[in-house]
Amino acid sequence: MKHTCTLLTEAARSVLLLKVDGFLSAAATMKCNDSRRGKFKRKMNCISSGCNAGGYQWKMRLYPAYIRGGELWVPLDLVFLSEAGASNAITANLSCQLVDPCGNLLGPSEGTISVSATFQRPSDSSEPVWVKRTSEVEASGYLKSDSLTSGAGADVTLAVSGDSFVVHKSILAARSPVFMAEFFGEMEERSSPVVEVQDMDATVFQAMLQFIYTGRVPELDEKEEEATIFSQHLIAAADRYMIDRLKLMCERRLAFGINVNTVATTLALAEQHCCSHLKAKCIEFIAGGSPETLKAVLATDGYKHLGNCCPSVVTELLMASHARKN
């Protein structure tokens with residue numbers, strides 16, 4: 001189950017993604033019951049994840065199967081882990097919706113469910129947000145491969161090369177300073193319900209969204225050649241939106257795939273996107289290789305492109321080759 005929640009404090013907004021795989025088995029084995037009518041009894045049969053917002057530590061607790069009125073529900077509550085003090089109470093709002101982990105296949109569940117509470121001492125907790133009945137979750141399109149995602153309501157559509165992606169501003173802004181500036185700065189995208197993304201392939205953009213929502217890019221696990229080619233495109237997107245961890249993943253994939261056919265193109269990308277370690281690895285491969293390797297690299301289309309777009313790198317290659325000979 002993947003869970004996205006929005007925690008609002010007076011000066012901060014935080015988004016937490018909690019992915020829980022095996023939702024059905026968790027619901028079967030983590031049932032909670034409450035014999036006190038009208039009261040929510042908090043037990044250990046929950047899935048939790050922590051976050052920081054407004055300078056305070058918090059924890060979200062999700063219960064896969066809580067018996068309420070004779071039916072199984074999926075509630076969520078918020079726990080305060082810090083110390084606010086008697087004269088400094090903290091008011092926070094917890095809200096969530098079910099969302100598609102890819103952000104574009106299925107719109108968010110109807111209605112943003114939320115609760116508000118005041119916190120002072122560690123272990124203070126909110127009343128629960130009753131997300132959905134467990135049976136409704138099982139029957140919904142949000143439960144995919146026994147994995148569920150919930151989150152703050154999608155609030156913007158991104159138009160990319162003819163495709164549309166319904167996403168959450170808060171989630172994208174939490175992962176990318178560029179999205180933060182677009183959606184919560186002074187840029188015109190801040191108030192627009194539809195934002196057009198220029199000069200971006202939709203497949204690459206979707207892979208970037210996949211990483212933002214799940215932390216994974218399945219395309220990078222493909223066969224070496226396919227993964228290397230995809231990384232060449234994805235690293236540009238990661239650099240454009242300043243998603244450093246994704247950029248590093250692409251760098252590692254490209255470094256692993258360096259060979260005679262790819263090294264010149266990879267070197268050009270490393271220069272254009274300020275990847276110093278990847279650049280050094282490419283130069284070492286070319287300048288430190290055999291004469292046969294150098295001749296083969298010079299014959300590639302990638303090297304011709306390198307000479308056109310990054311002439312200074314060609315000079316560096318010549319200097320590195322000369323230094324090794326001496």
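Quick caveat, the model's predicted, so the values are computed rather than measured.

Looking at the pairing of strand S12 (residues 156-160)
Here comes step 1: Burial along S12 is one-sided: Val156, Leu158 and Val160 are buried, and none of Thr157 and Ala159, which face the opposite way, are.
Here comes step 2: Direction of pairing for S12 relative to strand S13 (residues 163-167): antiparallel, over a ladder of five bridges. When the sheet's bridge partners are listed, valine 156 is paired in S13 with valine 167.
Here comes step 3: Linking S12 back to S13 in an antiparallel pair, the connection comprises two residues, with serine 161 at a positive phi of about 50 degrees.
Here comes step 4: Of the strand pairs in this sheet, S12 and strand S14 (residues 194-197) are connected by four bridges, and their pairing is parallel. Among the inter-strand pairings, valine 160 is bridged to a residue of S14, identified as valine 197.

With respect to a negative patch on the surface
Here comes step 1: On the surface, a cluster of negative charge is contributed by Asp221, Glu222, Glu224, Glu225 and Glu226.
Here comes step 2: Given the relative accessible area of 38%, glutamate 224 is considered partly exposed.

Points about the nonpolar core
Here comes step 1: Judged by nonpolar contacts, the single largest core of 53 residues is most densely connected at Leu158, Phe205, Met208 and Leu234.
Here comes step 2: Apart from the residues lying within four places of it in its own chain, the contact partners of methionine 208 are Phe179, Leu234, Ala237, Tyr241, Ile243 and Leu246.
Here comes step 3: Counting residues in hydrophobic clusters, the runner-up holds 25 residues, among them Ala53, Trp58, Ile90 and Leu143.

Some remarks on the pairing of strand S6 (residues 65-68)
Here comes step 1: Sheet topology note: the strand S3 (residues 31-32)/S6 ladder contains two bridges and is parallel. Bridging from a neighbouring strand, lysine 31 pairs with alanine 65 of S6.
Here comes step 2: In this structure, S6 lies alongside strand S7 (residues 71-80), joined through three bridges in antiparallel fashion. The partner of tyrosine 66 across the bridge, within S7, is tryptophan 73.

Some remarks on unusual backbone geometry
Here comes step 1: Even without being a glycine, serine 161 presents a positive backbone phi close to 50 degrees.
Here comes step 2: Here serine 161 lies in the loop between S12 and S13.
Here comes step 3: Phi is positive for cysteine 274, close to 55 degrees, though the residue is something other than glycine.
Here comes step 4: Assignment of secondary structure puts cysteine 274 in the loop between helix H8 (263-272) and helix H9 (276-287).
Here comes step 5: Assessed through its relative accessible area of 68%, cysteine 274 is described here as exposed.

Criteria and thresholds
- Residues numbered from 1 in each chain as written.
- Predicted model: local features only at pLDDT ≥ 70, side-chain atom pairs only at ≥ 80, totals over all residues.
- Heavy atoms only, no water.
- Buried < 20%, exposed > 50% of the residue type's maximum accessible area, 1.4 Å probe, protein only.
- Helix = DSSP H or I, 4+ residues; strand = E, 2+ residues; numbered from the N terminus.
- Pairing = 2+ DSSP bridges.
- Patch = residues over 30% accessible without salt bridge, like charges linked within 9 Å, V, L, I, M, F, W, Y side chains within 5 Å.
- Areas by Shrake-Rupley, 256 points an atom, 1.4 Å probe, with all protein chains shown as cover.
- Salt bridge = Lys/Arg side-chain N within 4 Å of Asp/Glu carboxyl O.
- Lys, Arg positive; Asp, Glu negative; His and termini not counted.
- Charge placed at Lys NZ, Arg CZ, Asp CG, Glu CD.
- Core = buried A, V, L, I, M, F, W, Y, C linked by side-chain atoms within 4.5 Å.
- Contact = heavy atoms within 4.5 Å.

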